[in-house]
Each structure stands twice: as structure tokens, then as C-alpha cells.
Amino acid sequence: MTRSTNLFLQGVSRVPVHSSQKMSNTLCSQQPNNSLKGLKPAEACRRLSDSKQEERLLCIVSKLTEMLLLVASLMALLTKAEDPFCKLWSKNELPLFSKDGDIIIGGIFSLNDSPVDASLAFTSLPAEFKCKRELQCAQTMIFAVEEINNRTDILPGVSLGYMIYDACRDIRLALKSAMALVSRKEDGRLNDMSCVKPPNVLAIIGQTSSSPTVGIATTLGPFNIPVISHSSSCACLSNKNLFPTFFRTIPSDFYQSRALVQLVKHFGWTWVGAVRSDNDYGNYGMAMFLQIAQQEGVCIEYSEAIFRTLPREKFLRIVNTMKISSSKVIIAFMSSSDFEILLKELYIQNITGFQWIGTESWISVQNPSFAQYYKVMSGAIGMAISNAVIPGLKNFLLNVRPSGTPGNAGMVKYWELLFNCTLTKQDNVSVLPQCSGYEDFTGIINQYTDTSNLGKSNNVYKAVYAVAYALHDLLQCKDTKVTSSNKMCVNRMNIEPWQVLNSLKKVNFTNNEENFYFDENGDPASRVRTYDVVNWQPNKDGTIDIVTVGGYFAFLSAGQQFKMNYDSIVWAGKENKVPRSVCSESCQPGTRKAVQKGRPVCCYDCLPCTEGEISNTTDSSDCLKCPLEYKSNKQKDECILKDIEFLSFQEIMGLLLVVLSLFGAFLTLLITLVFYLNRETPIVRANNSELSFLLLFSLTLCFLCSLTFIGEPSEWSCMLRHTAFGITFVMCISCVLGKTIVVLMAFRATIPGNNIMKWFGVMQQRLSVCSFTLIQILICLLWLLTSPPFPNKIMRHSTETIILECNLGSPTAFYAVLGYIGILACLCFILAFLARKLPDNFNEAKFITFSILIFCAVWITFIPAYISSPGKYTVAVEIFAILASSFGLLFCIFIPKCYIILLRPERNTKKHLMGKIPSKSV
């Protein structure tokens with residue numbers, strides 16, 4: 001009988017005959033026709049109607065199955081199968097390193113760089129994978145296990161064993177190794193109870209790459225077997241809903257991505273390219289990097305994915321993208337095997353001058369083949385797992401010897417390759433010399449013997465100790481929650497994986513002065529999330545030195561996370577200085593960034609700030625508005641005090657108005673002197689000399705009050721200028737009004753029997769002027785008591801100057817003052833107009849009419865000019881109105897009299913003044 005027949009019989013023999021028969025009876029007995037009850041299944045099937053074809057076919061299949069099972073059972077009884085019940089088809093895979101113990105820890109490492117993918121024709125079993133060896137992590141696990149076994153404070157009386165497999169960075173090999181660890185396989189066979197016995201290991205250390213680890217963690221998750229990786233950093237593995245049994249001693253790529261973004265920002269690179277491996281490690285890591293980069297203002301010009309099995313055309317396209325790009329910095333989130341293929345193509349195309357930023361997966365790998373490509377990625381800088389010291393490991397690695405024992409032949413092929421000899425005894429003459437097995441490692445520096453950076457090996461070391469401390473706490477019953485349901489301490493021969501899993505979540509230990517524990521996501525604690533910043537530098541012998549030039553400490557505050565030795569860094573390019581990689585040059589202070597339409601935010605134009613706005617930092621996105629009292633300087637990078645604008649005595653306009661004011665006052669005093677010297681003359685006496693002198697005094701005050709409007713406003717000057725203006729002008733108009741009434745009443749008194757002048761004597765004239773002025777004084781006093789004028793800064797008219805002026809305080813009071821002056825002026829104008837045709841040689845009423853007409857015209861035109869004039873010109877208009885109206889009154893009332901007194905004395909007689917002349921209309 002053939003092997004396939006044997007296997008088929010073994011398979012079908014596991015199904016009991018009675019169960020198949022029962023199924024057939026059940027299916028055929030489910031017919032709704034009651035007439036079928038009590039019949040045999042075959043008879044029932046024959047009586048099915050045509051509408052029940054599906055049920056009939058099902059019954060037929062069940063009967064055929066029943067017959068086949070009966071035949072198979074008979075053949076199995078007649079056949080003596082020498083093979084056991086469970087037998088693996090594939091070739092027996094022994095671990096590369098193994099040691100028996102009370103408790104076994106599994107290990108799955110990428111002891112080799114990359115597999116050569118076999119062509120799967122599905123006509124035969126897949127071929128074996130061929131890889132290049134790398135053993136330091138595996139030997140570190142063995143070293144840690146031996147160290148724990150020799151200690152008395154951890155797991156006393158319990159010996160740890162190990163089984164270490166090679167997954168060669170391949171998902172299929174990783175899954176195969178994981179199944180071998182949990183299946184209790186012995187000599188390629190499974191024992192009779194292997195399908196129901198617990199797994200062979202309680203925890204697995206590994207795997208190196210993220211994608212194989214995802215496969216292992218997903219497969220072993222339902223078995224509650226903890227998987228502790230030393231190098232799988234994909235952020236996806238922190239998802240406890242998908243990977244509840246996964247732990248790791250390396251920080252998640254979330255922190256590496258953030259560290260890379262901070263490194264890029266630290267050196268001022270805002271325009272970078274990105275390439276990644278097209279696997280879980282590269283895709284998740286780059287996605288996290290892009291997300292954080294966008295938040296931090298770093299732009300990605302391009303992002304490409306590669307894998308070592310892609311055709312060369314894909315690599316050529318990516319290389320061409322790099323060649324035509326403007327960014328000079330490239331982030332490479334990829335494995336060393338993928339990166340090596342990309343380097344080879346860049347080397348062929350002679351693409352140099354880029355500053356490479358690498359992740360821990362390749363930047364810290366001592367790969368001898370990288371040396372020939374150094375001109376392509378010279379000065380590469382990136383993040384590496386923080387270095388550590390493992391006492392005794394160096395000596396242990398140098399004293400490892402090969403073994404021919406099955407299950408411990410992990411060093412054999414590596415030994416033969418390293419020393420170029422053979423350990424296998426051959427009858428014929430071998431080309432290679434025979435190895436003694438005791439060759440010396442002294443002087444050999446490679447990935448295995450190099451202990452200059454033990455970051456990854458230290459992660460393996462911590463993983464083994466984490467399992468050991470979890471087992472120790474479990475066996476010591478420190479936490480009864482992880483024991484069996486009856487609260488009894490577990491036995492070392494009866495430990496379940498789920499118990500180790502729960503104990504790992506609470507493990508907290510200190511080893512080599514480093515405190516370690518897992519967080520809620522199974523990641524290392526926050527203070528362990530650190531990286532070394534390493535730099536690729538050429539060595540004298542043509543190799544590459546990976547030099548630590550700084551460190552990144554995630555737990556420190558922003559701005560203090562990097563500790564760098566800048567002098568020791570070798571940069572890409574011939575100039576050996578920090579390269580510059582930006583889409584747009586920095587916007588200097590005084591300008592702001594304006595994003596170019598359709599391009600990333602790192603590509604922008606620099607626009608100058610507008611008036612009144614500044615930017616005092618480089619690459620400012622917005623201009624800051626200066627405070628109201630400040631303006632921007634010419635460079636637009638600093639706010640300076642605005643110029644204070646007011647009508648000062650030092651400027652030309654102020655000086656001109658002062659001269660006019662003083663000239664008016666001087667002229668008024670001069671006229672007063674002329675009148676005083678000629679006070680006994682008829683023309684002075686006829687014009688009511690007392691009111692004239694009072695009018696001249698008030699006009700002098702009017703001229704002088706204009707001076708209070710010039711100069712920097714203060715509380716006292718603001719109160720004085722408006723009140724003095726109102727009172728002096730009311731006094732002036734009151735005098736003119738009194739003179740008009742006297743003139744009018746004087747001609748009325750010439751009528752016989754009219755004694756009206758006794759009511760307008762000197763005393764009455766004084767009282768009228770004082771009464772009219774007192775009303776204005778009361779209005780001004782009420783104004784000052786309720787809401788007085790005050791100095792105010794006006795900043796709405798100009799962004800360059802502050803206009804300092806007097807605020808009216810109460811506009812109503814100011815309008816009352818002006819309105820009262822206007823009422824008196826209108827009354828005076830009406831009376832003067834009525835007396836304009838009185839028949840005298842010297843008609844005083846005509847001059848008063850003209851003076852009041854000029855006064856009113858000036859103040860009517862003042863209103864629109866006052867409103868439309870900005871700043872200090874408002875004050876100038878007000879002063880001009882005061883001076884113009886004052887000069888109008890002075891010239892119209894007093895200049896004609898001075899003309900007669902000084903130039904025409906012959907007219908200054910009573911006879912001439914009382915002479916009758918023909919009447920003329922005005």
C-alpha cells in the first residue's frame with residue numbers, strides 16, 4: 001500500500017463509523033412527510049418526492065460516506081502501519097542551539113541577514129533556505145540563561161533550558177520555528193498525545209524583524225504563549241487587542257519616528273525625501289514619521305517603498321526620483337538587506353552627496369559589504385539602540401566552540417566559513433583543511449565578535465531576565481492572582497503559559513544598574529526609550545566605523561532631548577559641514593511666510609510685513625501687530641514708539657501762529673495806547689471810551705488765549721484753552737453788543753421828551769457786560785466740574801504718529817459755550833444792522849455790522865475746516881479762527897478811528913461828527 005493511501009486511511013480512521021451512521025440517520029430522518037417514519041434511511045431516500053432533490057442528494061452522500069468509512073476500517077485492520085498516528089511531512093528541523101532544563105525558553109532569531117527566496121512550483125516540498133550567519137544575539141541568550149542558572153537569587157533549584165531556531169528574517173521560517181517550539185517534536189515525529197499536551201516552551205524570545213514577529217504573535221496568541229522581541233519595533237505591535245501576548249525590550253517605532261523627526265528639526269532640515277521597506281516595519285514606521293513630521297513642520301518631497309524582491313526597474317525609478325529631487329536629506333526606514341540593494345543601484349548610477357538618516361535596523365549594522373558603497377552614503381547619521389555593558393559577554397563569545405551534537409550545530413557552518421576549513425571528516429582529499437574546533441577568535445572583528453555596541457544584544461539579555469524574574473515571582477507566589485484557581489502556589493513542572501504571561505505584565509527588576517519593566521502596551525518603560533546617535537565614518541583600513549556622536553533621551557523636555565558632540569560628526573559631501581535641505585530659504589525678520597499654492601507648507605514666499613506690523617523671528621508665519629503707541633521700524637523687525645504729534649512752539653506753523661497772536665495783542669495794546677492818549681478827543685468820547693477800552697482789553701485776551709492752544713496738551717492747558725476762549729470771546733461780543741445798543745439808543749434819545757438814555761448809562765453798560773460774561777463763566781464752571789477737557793492720544797488717523805490733543809470731555813458743554821457766543825453775535829449783528837443807516841458822519845453801527853459779519857463768516861467756515869483737518873491742523877484751524885475773528889473785530893471797529901486820530905485830525909471834531917450827510921444804504 002502506498003504512503004498516500006496510508007495517510008488517507010489514518011485520517012479517515014479517526015472518524016468513528018457510528019458517528020457517520022448517526023449523521024446519515026439524522027439527515028434522512030428530517031423529512032417532513034410522516035409517512036416516512038419507521039422506514040430505514042435507504043428506503044426513506046427512495047420515497048422522497050421530486051421537490052426534495054437537495055435532501056435526497058444529501059442523504060445519498062451520507063450513505064456513500066458511511067460505506068467508504070466501513071471499507072477504510074476493514075483495510076486498516078488488514079494493514080500493519082508502521083508509522084505513528086501523527087507524522088510530519090516536512091523534513092525534521094532541529095534547533096541550532098538547545099539545552100534541556102526544568103523550564104525551557106524558546107528563541108527565534110534572524111541569525112542570518114536575508115534568505116534567497118526559492119521558486120515555489122508546488123510540485124515538491126520547498127527547498128531549504130540559504131543564509132549568511134550572524135550569531136551574537138543567540139549566544140547572548142545562551143549567556144544569559146547560563147548566568148541565571150549559576151545564580152542563587154533567581155530561580156533557586158530550577159534550571160533553565162533553551163531551544164533556539166533561525167528564522168532568517170522570513171515569515172514562513174518564523175512560523176515554522178514557532179510551531180516547532182510549541183509542538184514537542186522529537187526526531188521528526190509527534191508523540192501520541194502531542195495534540196493535547198501543553199506547549200514545549202513557556203515563552204519565546206524573538207523575532208528580529210517586525211513582519212515575522214507579527215506572524216508569530218498572531219499564531220501563538222490563542223495559546224497565551226508570551227513572545228518577547230528584542231528587535232521588532234513596529235508600532236503596530238503595541239496594539240493589545242491584536243497582540244495580547246506580545247512584549248518587547250526595544251522601544252516602539254513611535255519613539256524612533258519621533259526621534260528622527262526631532263533629529264531632522266535639530267539640524268534645520270525641513271525638506272527631505274523618504275524611502276522605506278515595503279513591510280510592516282517600513283510602512284508603519286514611515287507612516288508614523290510622516291504624521292509626526294507634518295505636526296512639526298517637516299515636509300516630505302517624496303516617499304517611496306522598496307523590497308529586495310522587486311524588479312530592478314522599480315529601483316531605477318526610485319533612484320531617478322532621488323536624482324531629480326531638490327532635497328538633500330533622505331530618511332531611510334528600511335532593513336539592512338533592502339538598503340544594501342538600493343545602495344548597490346545608487347553606486348552603479350554614481351548618485352552621491354545625499355545626507356542619509358537611518359533607523360536602528362541598518363545604521364548600526366556592521367556589514368562589511370557596505371564599505372564599498374561608502375561614497376554613496378558617507379556621513380550617514382541615525383538612531384541606534386543605546387549601547388550597554390554586559391559583563392562577561394565578550395569573553396563568553398570568544399570561548400564558544402562548535403559542536404557536532406544534533407540540536408547544537410549552530411556554530412558549525414559559521415566556524416567553517418570564518419576559518420575557511422571543514423569540521424566534517426571526509427574519506428577523500430578535501431580542498432579545505434580540517435578544522436580543529438579550537439581556532440582562536442583573537443584579532444577577528446566581525447558582527448559576532450564586535451561588542452562595541454551591544455544595544456541589540458542587551459535587549460536579548462533583558463528579555464531573558466524578564467522571563468526569569470516572571471518565573472521567579474510565579475514560583476515564589478508573590479502574586480496569588482496568577483496562580484491556579486485554588487490559590488495554591490504553582491509547581492515548576494505544571495506552569496502554564498498564561499501564568500507566565502500575567503507575571504510578565506508585573507515584572508519589575510534592576511539589572512546592570514538599569515530599572516526595567518513593561519508598560520500597559522508591553523513596551524519598555526519611558527526612561528528606557530533612549531537612542532544613541534551614530535555616524536558612519538571611514539576607517540583607515542577601508543572599513544566603516546560606526547561612531548556614537550550623541551544621544552537622544554525621550555523623557556527629557558523639548559529642546560533638551562539631544563546631547564551631541566558636533567565636532568566629531570562627519571557629514572556628507574566634500575565640504576564636511578551640515579548640509580542644507582529646505583524647499584525655500586528662511587524668511588528673515590521683517591517678513592512672513594506665504595505658502596505657495598499647491599505645494600507643501602515648507603515651500604513658501606517671503607512677504608514683507610505691512611505698516612504697523614513686525615516679525616522678529618526667522619520663518620515667522622504671521623506678522624505681529626505693534627501696540628497702539630508703537631509703530632514698526634524700517635526693517636519691520638522691531639516696534640518703536642510713534643512720533644508724538646501736536647502743535648508745538650518749535651515748528652514753523654506754531655511759530656507763525658505765535659507771531660500772529662503776539663502781533664494782534666501788540667497791535668491791540670498799541671491801539672489802546674492811541675485811544676488812551678486821545679481819550680479827550682471827540683471821536684474817542686463819542687464811541688463810549690469805557691466800552692472801547694474794555695473791548696480792547698478783551699481782544700488782547702482773545703489774541704493771547706490762542707497761545708494756550710500751542711504746545712503739548714496737559715490737564716491745565718486743556719481746561720484753560722477752552723474756557724479762556726469762551727469767556728474772552730463772550731466778553732468781547734458783550735462789549736460790541738453794548739456799544740451797538742448805546743449807538744442805537746443814543747439816536748433814539750434825540751427825540752424830544754425821550755429819556756431812554758438814563759437806562760443805558762455807564763453803570764448799566766458795565767452791568768450788561770458783566771452779566772453776559774457771568775453766564776459764560778457759569779457755563780464753563782459747570783463744564784469743568786462735570787466733565788472737564790483732558791489730554792488725549794489719537795491713534796486712529798495714522799500708523800506712524802500719535803496725535804496728542806485735548807478731548808472736550810463734554811461735547812454738550814463745548815457746544816453750549818459756542819452756542820452762547822453765537823447767540824450774542826447774532827443779536828449784535830441784528831442790532832447793528834438795524835442802526836446801519838443812522839444819519840451821521842461817522843456811523844459806528846456800520847463798522848460793528850461789518851465786524852460781526854466777518855466774525856460770523858469766520859466761525860461758520862471754521863466748522864467744516866475743523867472737522868476735516870487731521871491732527872495738529874485741527875488746533876491750527878481753531879487758532880486761525882480765533883485770530884481771524886479777533887483781527888476782524890479789531891480792524892473794523894478801531895482802525896477807522898485810528899485813521900482819523902492819526903491821519904485825519906481835522907475830522908476829529910464834534911462839529912464834523914455831528915454833521916448831517918446824505919443817507920446811503922449799506
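Residues numbered from 1 in each chain as written. Predicted model: local features only at pLDDT ≥ 70, side-chain atom pairs only at ≥ 80, totals over all residues. Heavy atoms only, no water.

Things to note about the overall build of the protein chain
Counting its secondary structure elements, the protein chain contains 25 helices and 27 strands. Every one of the 922 residues in the protein chain was classed for burial, and the buried ones make up 48%. Excluding contacts between residues fewer than 6 apart, the proportion of contacts in the protein chain whose partners are at least 24 apart in sequence is 69%. Total accessible area on the protein chain stands at roughly 45800 Å², and carbon and sulfur atoms take up 59% of it. (Helix = DSSP H or I, 4+ residues; strand = E, 2+ residues; numbered from the N terminus. Buried < 20%, exposed > 50% of the residue type's maximum accessible area, 1.4 Å probe, protein only. Contact = heavy atoms within 4.5 Å. Areas by Shrake-Rupley, 256 points an atom, 1.4 Å probe, with all protein chains shown as cover.)

Points about the sheet that holds strand β13 (residues 381-385)
Ordered by their spatial adjacency, 8 strands build an open sheet running β10-β9-β11-β12-β13-β16-β17-β18, and the pairing between neighbours is mixed. At either end of the open sheet lies a strand with only one pairing partner, and these are β10 (299-306) and β18 (562-564). Ignoring strand direction, the axes of neighbouring strands in this sheet form an average angle of 30 degrees. Pairing of β13 with strand β16 (residues 530-538) involves 5 bridges; the strand directions are antiparallel. In the strand pairing of β16, G382 is matched with V534. Helix α10 (residues 312-324) contacts β9 (271-277), β10, β11 (329-333) and β12 (355-358) of the sheet and is inclined by roughly 165 degrees relative to β10. The sheet strands contacting helix α11 (residues 336-349) are β9, β10, β11, β12 and β16, and the helix crosses β12 at an angle near 175 degrees. (Pairing = 2+ DSSP bridges. Axes fitted to C-alpha atoms, helices over the stretch in contact; angles between N-to-C directions.)

As for the sheet that holds strand β8 (residues 246-248)
Taken in spatial order, the 6 strands of this open sheet run β1-β3-β2-β6-β7-β8, and their pairing is mixed. Either end of the sheet is taken by a strand with one partner, and the two such strands are β1 (97-99) and β8. The average angle at which neighbouring strand axes cross in this sheet is 20 degrees, direction not considered. The sheet strands contacting helix α7 (residues 210-220) are β2 (103-109), β6 (203-206), β7 (227-229) and β8, and the helix crosses β7 at an angle near 165 degrees.

As for empty space enclosed by the protein
Evaluation of the coordinates by the stated rule reveals 1 cavity of 30 Å³ or more. In this structure, the largest cavity occupies an estimated 40 Å³ of space. Along its surface, the largest cavity is lined by F646, L647, F709, G711, P713, R721, L804, E805, C806 and V875. The dominant element in the lining of the largest cavity, judged by the number of residues it contributes, is strand β27 (residues 801-807), at 3 residues. In terms of residue class, the lining of the largest cavity is made up of 7 nonpolar, 1 polar and 2 charged. (1 Å grid on protein atoms, 1.4 Å probe; cavity = no way out; pocket = protein on both sides within 12 Å on 5 of 7 lines; lining within 4 Å. Points joined across faces, edges and corners; volume = space filled by probe spheres on them. Nonpolar A, V, L, I, M, F, W, Y, C, P; charged D, E, K, R; others polar.)

Overview of the nonpolar core
Ranked by size, the top nonpolar core spans 70 residues in total, and within it L889 and F894 carry the most contacts. Counting residues per element, the ones that place at least two in this core are α17 (652-677), α18 (682-686), α19 (689-705), α20 (715-748), α21 (762-786), α22 (811-834), α23 (844-868) and α24 (872-902). Here L889 is in contact with L699, C732, I733, V736, S851, I852, F855 and F894, once residues within four sequence places are set aside. Core analysis: the second largest hydrophobic core is formed by 59 residues, V158, I390, A468 and L474 among them. (Core = buried A, V, L, I, M, F, W, Y, C linked by side-chain atoms within 4.5 Å.)

Re the pairing of strand β3 (residues 160-166)
With 7 of 7 residues buried, β3 lies mostly within the body of the structure. Covered by surrounding structure in β3 are L160, Y162, I164 and D166 together with G161, M163 and Y165, the residues of both alternating faces. Strand direction decides the pairing type here: β1 and β3, joined by 3 bridges, are antiparallel. Bridged to S98 within β3 is M163. The pairing of β2 with β3 spans 7 bridges and is classified as parallel. For G107, the partnering residue across the bridge sits in β3 and is I164.

Some remarks on the state of the cysteines
Enumeration according to the criterion identifies 8 disulfides in this entry. Linked covalently through their sulfurs, C234 and C236 form a disulfide whose S-S length is 2.4 Å. Here the disulfide of C234 and C236 is right-handed, its torsion about the S-S bond being about 130 degrees. Under the relative-accessibility criterion, C236 is labelled buried at 10%. The disulfide partner of C299 is C602, and the gap between their sulfur atoms is 2.1 Å. Measuring handedness by torsion sign, the sulfur bridge of C299 and C602 sits at about 85 degrees and is right-handed. In this pair, C299 sits in strand β10 while C602 sits in the loop between β19 (591-595) and β20 (604-608), placing the two residues 303 residues apart along the sequence. (Disulfide = S-S within 2.5 Å.)

Thoughts on the side chain of D523
Structurally, the position occupied by D523 is in the loop between β15 (514-517) and β16. Look at D523 and you get buried, because its relative accessible area is 3%. For D523, the side chain forms a polar contact with the side chain of R248, separated by 2.7 Å. Look past the residues within four positions of D523 in its chain and what remains in contact with it is S238, R248, S252, Y517 and F518. (Polar contact = N/O pair within 3.5 Å; in protein donor to acceptor, adjacent residues only side chain to side chain.)

Describing the packing of aromatic side chains
Going through the model one piece at a time under the given rule, you end up with 38 aromatic pairs. On the numbers, 5.7 Å between centres and 45 degrees between planes, the contact of F509 with F516 is tilted. F516 carries the same exposure label as F509, and that label is buried. Of the aromatic side chains, those joined through ring pairs into one cluster are F143, F247, F396, Y461, Y465, Y469, F509, F516 and F518. Lying across the ring of Y604, K593 places its NZ or CZ 4.9 Å from the centre. The aromatic ring of Y676 is capped on one face by R679, whose charged end is 4.2 Å from the ring centroid. (Phe/Tyr/Trp six-rings, centres within 6.5 Å; stacked < 30°, edge-to-face > 60°. Lys NZ or Arg CZ within 6 Å of the ring centre and 35° of its normal.)

Description of the packing of α19 against α24
Contact pair α19 / α24: the axes reach a minimum separation of 9 Å and the direction vectors enclose 155 degrees. By the angle between their axes, α19 is roughly antiparallel relative to α24. Viewed along their axes, α19 and α24 form a crossing whose handedness is left-handed. Mapping the contact onto sequence places S692, L695, L696, L699, C702, F703 and C705 in α19 and I882, L883, S886, F887, L889, L890, I893 and F894 in α24. Among the residues forming the contact of α19 with α24, the class breakdown is 13 nonpolar, 2 polar and no charged. (Parallel < 35°, antiparallel > 145°, perpendicular 65-115°, else oblique. Left-handed = near helix turned anticlockwise from the far one by under 90°.)

Observations regarding a nonpolar patch on the surface
Together, F666, L670, L673, Y676 and L677 make up a nonpolar patch on the protein surface, roughly 540 Å² of accessible area in all. Positionally, F666 belongs in helix α17. (Patch = residues over 30% accessible without salt bridge, like charges linked within 9 Å, V, L, I, M, F, W, Y side chains within 5 Å. Salt bridge = Lys/Arg side-chain N within 4 Å of Asp/Glu carboxyl O.)

Observations regarding the environment of I802
Looking at the element boundaries, I802 is found in strand β27. A residue is classified by how much of its surface remains accessible, and I802, at 2% relative accessible area, is buried. Separated by 161 residues in the primary sequence, I802 and L641 have C-alpha atoms spaced 9.1 Å apart. Other than its neighbours up to four places away in sequence, I802 contacts E629, K642, D643, I644, E645, K793, I794 and M795.

A few points about α22
Taking 1.5 Å as the rise per residue, α22 with 24 residues should run 34 Å; its terminal C-alpha atoms sit 34 Å apart, in good agreement. All of the buried residues in α22 are A813, F814, V817, Y820, I821, L824, A825, C828, L831 and A832. (Expected span 1.5 Å × (residues − 1).)

Quick word on α23
In this model, α23 (25 residues) spans 37 Å end to end at C-alpha, consistent with the 36 Å of a helix rising 1.5 Å per residue. Restricting attention to buried positions, one finds in α23 the residues E844, A845, I848, T849, S851, I852, F855, V858, W859 and F862.

Section: the pairing of β12
Alternating residues of β12 divide into Q355 and I357 and W356 and G358, and every residue in both groups is buried. Across 4 bridges, β11 lies against β12 in parallel orientation. Bridged to I330 within β12 is W356. At this point the chain moves from β11, through α11, to the parallel β12, and the crossover so formed is right-handed. Pairing geometry for β12 and β13, over 2 bridges, is parallel. Paired with G358 across the bridge in β13 is G382. (Right-handed = clockwise from strand over helix to strand, strands pointing away.)

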